[in-house]
Amino acid sequence: MGYLPIFMDFQAAVFVVGGIIGLMLFSFPLHNVSSLFRYFGYTVRPPKPGADNSKIIGELEIAIVMFTKMKSYAQATGWVGFLIGLIIMLESMTDPAALNTVGAAIGLLTVLYGTLIAYYICLPISTKLQCRLDELKKAS
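Cut-offs and rules
- Residues numbered from 1 in each chain as written.
- Predicted model: local features only at pLDDT ≥ 70, side-chain atom pairs only at ≥ 80, totals over all residues.
- Heavy atoms only, no water.
- Helix = DSSP H or I, 4+ residues; strand = E, 2+ residues; numbered from the N terminus.
- Expected span 1.5 Å × (residues − 1).
- Bend = angle between axes of the 7 residues up to and from the residue.
- Buried < 20%, exposed > 50% of the residue type's maximum accessible area, 1.4 Å probe, protein only.
- Contact = heavy atoms within 4.5 Å.
- Patch = residues over 30% accessible without salt bridge, like charges linked within 9 Å, V, L, I, M, F, W, Y side chains within 5 Å.
- Areas by Shrake-Rupley, 256 points an atom, 1.4 Å probe, with all protein chains shown as cover.
- Salt bridge = Lys/Arg side-chain N within 4 Å of Asp/Glu carboxyl O.
- Axes fitted to C-alpha atoms, helices over the stretch in contact; angles between N-to-C directions.
- Parallel < 35°, antiparallel > 145°, perpendicular 65-115°, else oblique.
- Nonpolar A, V, L, I, M, F, W, Y, C, P; charged D, E, K, R; others polar.
- Phe/Tyr/Trp six-rings, centres within 6.5 Å; stacked < 30°, edge-to-face > 60°.
- Disulfide = S-S within 2.5 Å.
- Core = buried A, V, L, I, M, F, W, Y, C linked by side-chain atoms within 4.5 Å.

## Remarks on helix H5 (residues 101-139)
The end-to-end C-alpha distance of H5, which contains 39 residues, comes to 56 Å, matching closely the 57 Å that a straight helix rising 1.5 Å per residue would cover. The largest bend in H5 is about 30°, located at Cys122, with the proline Pro124 one to four residues further on.

Here it is in structure tokens:
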């Protein structure tokens, strides 16, 4: 397994993913949030010719905004998690020998998870959706 287990932390993952979901639900109507997987589908297969282009253009525009915001939320929850982990770690600074490594792990891994979600998932998806939107507008 090597180093893989040191990159896994349930608390950090729940904090980042839960934070993103919460922020998305707070920011967008429920019907849009529940359609994220359908919007993601446009990255895998382009809209069919002859489909209701105005509806699809609207959906693509909403999806691009949503995935762009999700990228920002992933980064933000990662950094908030870092600060929380740092606070947990520094709470034990009166005795440096008893340094709280759990806080350090949570702090660093939330930044890692937030950055990975932002730049390895959300950014490519929003970029691909923008390409689909541009293609659809050219075809119209």
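## Description of the environment of Leu123
Positionally, Leu123 belongs in helix H5. For Leu123, a relative accessible area of 34% corresponds to the partly exposed category. Those residues in contact with Leu123 that lie beyond four places of it in its chain are Lys71 and Ala118.

## Let's talk about a nonpolar patch on the surface
A grouping of Leu116, Tyr119, Tyr120, Ile121 and Leu123 is seen on the molecular surface, where their side chains present a nonpolar patch of about 480 Å² in accessible area. Along the chain, the position of Tyr119 falls in helix H5. Here Tyr119 falls in the partly exposed class, since its relative accessible area comes to 38%.

## A few points about the packing of helix H3 (residues 36-44) against helix H4 (residues 53-90)
Geometry of a packed helix pair, given as the angle between the helix axes and the separation of the axes. Between H3 and H4, the shortest axis-to-axis distance is 10 Å and the interhelical angle comes to 105°. Classified by the angle between their axes, H3 and H4 sit roughly perpendicular to one another. Of H4, the residues touching H3 (which contributes Leu36, Arg38, Tyr39, Phe40 and Tyr42) are Ile56, Glu59, Leu60, Ile62, Ala63, Met66, Phe67 and Met70.

## A few points about the packing of H4 against H5
Their axes nearest at 8 Å, the elements H4 and H5 cross at an angle of 170°. With respect to their mutual orientation, H4 and H5 come out roughly antiparallel. The residue inventory of the contact of H4 with H5, partitioned by class, reads 26 nonpolar, twelve polar and four charged.

## Notes on the packing of aromatic side chains
Under the counting rule described, the total for this entry stands at one aromatic pair. Ring centres of Trp79 and Phe82 lie 5.5 Å apart, and the angle between their planes is 75°; on these two criteria the pair is classed as edge-to-face. Placement of both Trp79 and Phe82 in helix H4 is noted, with a separation of three residues, approximately one turn of the helix.

## Brief notes about the state of the cysteines
Following the criterion strictly, the structure yields zero disulfides and no others. Lacking any disulfide linkage, Cys122 is separated from the closest cysteine sulfur, that of Cys131, by 16 Å.

## Concerning the nonpolar core
Counting residues in hydrophobic clusters, the biggest one holds 28 residues, and the most contacted among them are Met24, Leu36 and Leu129. Mapped onto this core, the elements with two or more residues apiece are helix H1 (10-27), H3, H4 and H5. With ten residues, H4 is the single largest residue contributor to this core.

## Here's the deal with the pattern of salt bridges
Tallied over the entire structure, the rule returns three salt bridges. A salt bridge links Lys137 to Glu61, with the shortest nitrogen-to-oxygen separation between them at 3.4 Å. Taken together, the positions of Lys137 in helix H5 and Glu61 in helix H4 put the pair 76 residues apart, joining distant regions of the chain. Among the ionic pairs, Arg132 bridges to Glu135, the shortest N-O distance being 3.7 Å. In this pair, Arg132 and Glu135 are both assigned in helix H5, three residues apart and thus about one turn of the helix distant. By relative accessible area, Arg132 is classed as buried at 10%. You can call Glu135 partly exposed: its relative accessible area is 45%.

Honestly, that's just the spatial picture; any functional story needs more than this.
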